[in-house]
Amino acid sequence: MRLFRYPVKSLLGEEVADVDVSFEGFDGDRLFAVVDPVTGYALSAKGEPRLLQIGATLVDGELGLIFPDEVVRDNYDEKLTNFLRRPVRLRRNTGTSLRFRGLEIDFEKGVVFEKTGETRETRFHDSMPIHLINLRTLEKMGLSIDEAARFRPNIVFSAEQNDEGLVGGYLDTGEALLKIVKPTRRCIVITHQQKNLSRNLDLLRTLRANSEGRFGLYATVVKPGKISVDARLRFYPAETHHTT
């Protein structure tokens, strides 16, 4: 099992050995967003892929932004504005959702169009608080473990069941308990270049053609607790109603 969190929405995240999990998700996950001060909208890698050239880390609660040439721990707004070549502000979540704009692709019509969305209130997640990737599903796609970064998972795990068979069930990590709610519908973000991964538009085209664009699983937190990479995961099917 591998664990990841993304302190700033749409920036690269960090791998962690263990993490506290609340009903809002991983501690420190999507705690910040980069915001356009004029519109008030959060920037998203759906429309601003340059965000995926910047990393984010939390050390003892202190945010660090990892640019290609330096690590920044203050003057975030100035450095982000200079890098993105547009005025932006870094905003910490205070319990209010943010609107965001992004681009999407319609392969059948051959057009790119704008799409808007809204984050959750307690954290700047687009949908559910936890995102899972099954390593076996990744391998069936012919993708390496390094390619998992494209999908921005919180947890990469291995299960014998296919993704459809996991939906509705529970993952017990020993302390925390997660309920797998639904498959994740993928967007243009997985096609963008990031770190050591090159641009790959064919990946999204293949998913749209073969699985209605779905890859990965969304989950909610039934019981908070700590998750560590050496925890033994246990899966309970939906019909067991395992909620203790």
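Residues numbered from 1 in each chain as written. Predicted model: local features only at pLDDT ≥ 70, side-chain atom pairs only at ≥ 80, totals over all residues. Heavy atoms only, no water.

Another point: the environment of A238. In this fold, A238 is placed in the segment after β18 (234–236). Given a relative accessible area of 31%, A238 falls into the partly exposed group. Separated by 55 residues in the primary sequence, A238 and P183 place their C-alpha atoms 15 Å from one another. Setting aside anything within four residues of it in sequence, one finds A238 in contact with G168, G169 and Y170. (Helix = DSSP H or I, 4+ residues; strand = E, 2+ residues; numbered from the N terminus. Buried < 20%, exposed > 50% of the residue type's maximum accessible area, 1.4 Å probe, protein only. Contact = heavy atoms within 4.5 Å.)

Another point: the packing of aromatic side chains. Scanning the entire structure with this criterion turns up 2 aromatic pairs. Stacked on the ring of F67, the Lys or Arg K79 has its end atom at 5.2 Å from the ring centre. (Phe/Tyr/Trp six-rings, centres within 6.5 Å; stacked < 30°, edge-to-face > 60°. Lys NZ or Arg CZ within 6 Å of the ring centre and 35° of its normal.)

Moving on, we come to the nonpolar core. By size, the foremost hydrophobic cluster in this structure holds 20 residues, and its most contacted members are F26, I130, L132, I155, L178 and I227. It is strand β16 (residues 214–223) that contributes the most residues to this core, 3 residues altogether. Those residues in contact with I130 that lie beyond four places of it in its chain are V21, G25, F26, N154, I155, L178, L217, Y218, A219 and V221. Grouped together as the second largest cluster of nonpolar side chains are 19 residues, L43, L65, F67 and V72 included. (Core = buried A, V, L, I, M, F, W, Y, C linked by side-chain atoms within 4.5 Å.)

This part is about the sheet that holds strand β2 (residues 14–16). Taken together, 8 strands build an open sheet; the order of strands is β2-β1-β13-β12-β16-β15-β14-β18 and the sheet is mixed. Two strands in the sheet have a free side with no partner beyond their single neighbour: β2 and β18. Pairwise comparison of adjacent strand axes, ignoring direction, gives a mean angle of 35 degrees for this sheet. (Pairing = 2+ DSSP bridges. Axes fitted to C-alpha atoms, helices over the stretch in contact; angles between N-to-C directions.)

A few words now on helix α1 (residues 76–84). Every buried residue of α1 is listed here: Y76, K79, L80 and L84. Each buried residue of α1 lies within a common arc of 115 degrees when the element is viewed along its axis, so the set occupies one face. Projecting away from the buried face of α1 at angles above 90 degrees are the exposed residues E78 and N82. Among the structural elements, β5 (32–35), β7 (62–66), β8 (71–72) and β9 (89–92) are those in contact with the buried residues of α1. (Arc of directions from axis to C-beta.)

Pairing geometry for strand β12 (residues 130–134) and β16, over 3 bridges, is antiparallel. From the neighbouring strand, H131 faces β16, where its bridge partner is Y218. In this structure, strand β15 (residues 177–185) lies alongside β16, joined through 7 bridges in antiparallel fashion. Bridge pairing in β16 places R185 opposite R214.

Now for the layout of surface pockets. By volume, the largest pocket amounts to about 1000 Å³. Lining the largest pocket are 44 residues, with K46, E104, R185, R186 and C187 sitting closest to its centre. Among the elements of the structure, β10 (99–106), β11 (111–118), β12, β15 and α4 (201–211) are those that each provide at least two residues to the lining of the largest pocket. No other element matches β11, which puts 5 residues into the lining of the largest pocket. Classifying every residue of the lining of the largest pocket by side-chain character gives 16 nonpolar, 10 polar and 18 charged. Space inside the second largest pocket adds up to approximately 630 Å³. (1 Å grid on protein atoms, 1.4 Å probe; cavity = no way out; pocket = protein on both sides within 12 Å on 5 of 7 lines; lining within 4 Å. Points joined across faces, edges and corners; volume = space filled by probe spheres on them. Nonpolar A, V, L, I, M, F, W, Y, C, P; charged D, E, K, R; others polar.)

Spatial relationships are all this shows, so hold off on functional conclusions.
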